[in-house]
Amino acid sequence: MSLFLLLMLVGLTVKAQDNVIDEVVWVVGDEAILKSDVENERLNAQYEGRRFDGDPYCVIPEELAVQKLFLHQAEIDSIEVSEQEVLQKVEQQTAWLIDQIGSKEKMEEYYNKTSTQIREMLRENIRNGLIVQQMQRELVGDIKLTPAEVRNYFKNLPADSIPSIPTQVEVQIITREPKIKEEEIERVKKTLREFTERIYNGESFSMLARFYSEDPGSARRGGEYGFTGRGELTPEFANVIFNMTDPKKISKVFETEYGYHIAQLIEKRGDRVSYRHILMKPKVDEAEIEEALNKLDTLANDIRKGKVTFDEAATWVSQDKDTKNNHGLLANPQTGTSRFEMQHLAGLVSQEVAKVVEGMQIGEISKPFTMINSKGKEVCAIVKLKNRIDAHKATITEDYQRLKSMVTAKRSEEKIQKWIVEKQKNTYVRINPNWRKCDFKYPGWVKN
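Conventions and cut-offs
- Residues numbered from 1 in each chain as written.
- Predicted model: local features only at pLDDT ≥ 70, side-chain atom pairs only at ≥ 80, totals over all residues.
- Heavy atoms only, no water.
- Helix = DSSP H or I, 4+ residues; strand = E, 2+ residues; numbered from the N terminus.
- Buried < 20%, exposed > 50% of the residue type's maximum accessible area, 1.4 Å probe, protein only.
- Contact = heavy atoms within 4.5 Å.
- Areas by Shrake-Rupley, 256 points an atom, 1.4 Å probe, with all protein chains shown as cover.
- Lys, Arg positive; Asp, Glu negative; His and termini not counted.
- Charge placed at Lys NZ, Arg CZ, Asp CG, Glu CD.
- Salt bridge = Lys/Arg side-chain N within 4 Å of Asp/Glu carboxyl O.
- Axes fitted to C-alpha atoms, helices over the stretch in contact; angles between N-to-C directions.
- Parallel < 35°, antiparallel > 145°, perpendicular 65-115°, else oblique.
- Nonpolar A, V, L, I, M, F, W, Y, C, P; charged D, E, K, R; others polar.
- 1 Å grid on protein atoms, 1.4 Å probe; cavity = no way out; pocket = protein on both sides within 12 Å on 5 of 7 lines; lining within 4 Å.
- Points joined across faces, edges and corners; volume = space filled by probe spheres on them.
- Disulfide = S-S within 2.5 Å.

Draft legend 1. Expanded view of the overall build of the protein. Helix and strand counts for the protein come out as 15 helices and 15 strands. Taken along the three principal axes of its C-alpha coordinates, the protein extends 80 × 70 × 40 Å. Looking at the protein residue by residue over its 448 residues, the buried ones come to 42%. Long-range pairs, those at least 24 residues apart, make up 63% of the contacts in the protein with a sequence separation of at least 6. Carbon together with sulfur atoms contributes 48% to the accessible area of the protein, which is approximately 25400 Å² in total. Side-chain charges of the protein comprise 66 positive and 71 negative groups, with the mean position of each set lying 2 Å from the other.

Below is the structure:
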């Protein structure tokens, strides 16, 4: 008899770390779902404002059971996710919880756990969530749809099911990076070299990173990133860290598009490395910002007078590497198109751009403004509102990509649901009698 089956028959298990009696509510394969697992998920959902379609004590354990089916298959198929992505999301989620609850102490009181225990809980949940997403992508594969299939789907939709499309905009941008004075660059390099000396003299790299690193994704973890592949790093960073061999050594100061760094190798495993670093960004002088803004103001006036087009200026003048070869047109990474809903423009590009665009007319060129770009640098910019598509009911001509995405999502969901039903049949499942009285989404859990 397996350990979890024995626990299931007894109905209780003891959590060794704090001697709290906990209850096994489900067993899926060799994995137990505890009452505390359900409670943790319920507390998370409460702070995220999620509303359940049914009893949370029925919905949550079933969701956890489905997750375990995917995780089991992912283990068989050797599905892995980036530790760096996991840690970044842990920090984001922790910061969000502290902000929502009010303080680190209140968060610990709410969960009845230390912040370290909460981070570990989040780390496991986030890693599992990312693995499940990757496993689902593997199961769904590449769904290819013809235009005729999309048109037929749209044609057969009831009128009240046709989606409403919020107002969308297409935006072009030109950016200029204010010059950074050489003495400021030398100040940053000198500070990083001093950090290196302090570390060799016995100070903690991690502590210095917590106090001084300007990388928000790693500073709280003492500058550490988990195992990372070469392709996940900028070429300059990868060249440094992958050429390091001695964990006791600190790199020389080096530059990337994010700023200046020193780095330390923690461990190498094949083609992946774990490391820590300190990032510092040279500060831009106000006079240089003013000069860049003035140049963009002159350029904007030249565009308005017809001396040059925005497309030409973006191609030859803009320092935005992601858009200059496309006449400055911003691309939406979520849809693969140039259209943004306003809330997505703020979240995916910048809040500053969204604020400027909101009151503009089609074809209008903005006044120059400052913004923080995707690399965390302060840059100066002007934008042009290329197009605005007002809110409307979706049409096949205007919103083909949106409707295609809907059909693709529907097909994906159908494949996933079919897989779950089949996986249920071949997986051992036992549910505590007190937790069976539920209207489950997948009725195959309870086997007679």
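Read on for the rest.
Draft legend 2. Region of the structure containing the pattern of salt bridges. Following the criterion strictly, the structure yields 19 salt bridges and no others. Two residues, Lys307 and Asp302, come together in a salt bridge whose shortest N-O distance is 3.8 Å. Two residues, Arg339 and Asp399, come together in a salt bridge whose shortest N-O distance is 3.9 Å. With a gap of 60 residues between them, Arg339 in the loop between α12 (310-316) and β11 (340-341) and Asp399 in the loop between β14 (392-393) and α15 (400-425) connect regions that are remote in the sequence. It is possible to trace a salt-bridge network through shared partners that takes in Arg339, Glu398 and Asp399.

Draft legend 3. Main features of the packing of helix α2 (residues 35-48) against helix α3 (residues 56-76). Two numbers describe how α2 lies on α3: the axes approach to 10 Å, and their chain directions differ by 110 degrees. On the basis of the axis angle, α2 is roughly perpendicular to α3. In this structure, α2 contributes Asp37, Val38, Glu39, Glu41 and Arg42 to the contact, and α3 contributes Tyr57, Ile60, Pro61 and Leu64. In terms of residue class, the contact of α2 with α3 is built from five nonpolar, no polar and four charged.

Draft legend 4. Structural view of the layout of surface pockets. Roughly 630 Å³ of volume is contained in the second largest pocket. Asp320, Asp322, Asn373, Ser374 and Lys375 are the residues nearest the centre of the second largest pocket, which is lined by 25 residues in total. Looking at the lining of the second largest pocket residue by residue, the class counts come to 10 nonpolar, seven polar and eight charged.

Draft legend 5. Expanded view of the state of the cysteines. If you walk through the whole model with that rule in mind, you get one disulfide. Covalent S-S linkage joins Cys58 and Cys438, the inter-sulfur distance amounting to 1.9 Å. Of note, the bridge from Cys58 to Cys438 carries an S-S torsion of about -70 degrees and is left-handed in sense. Highlighted residues: Cys58 in helix α3 and Cys438 in the segment after β15 (429-431), separated in sequence by 380 residues.

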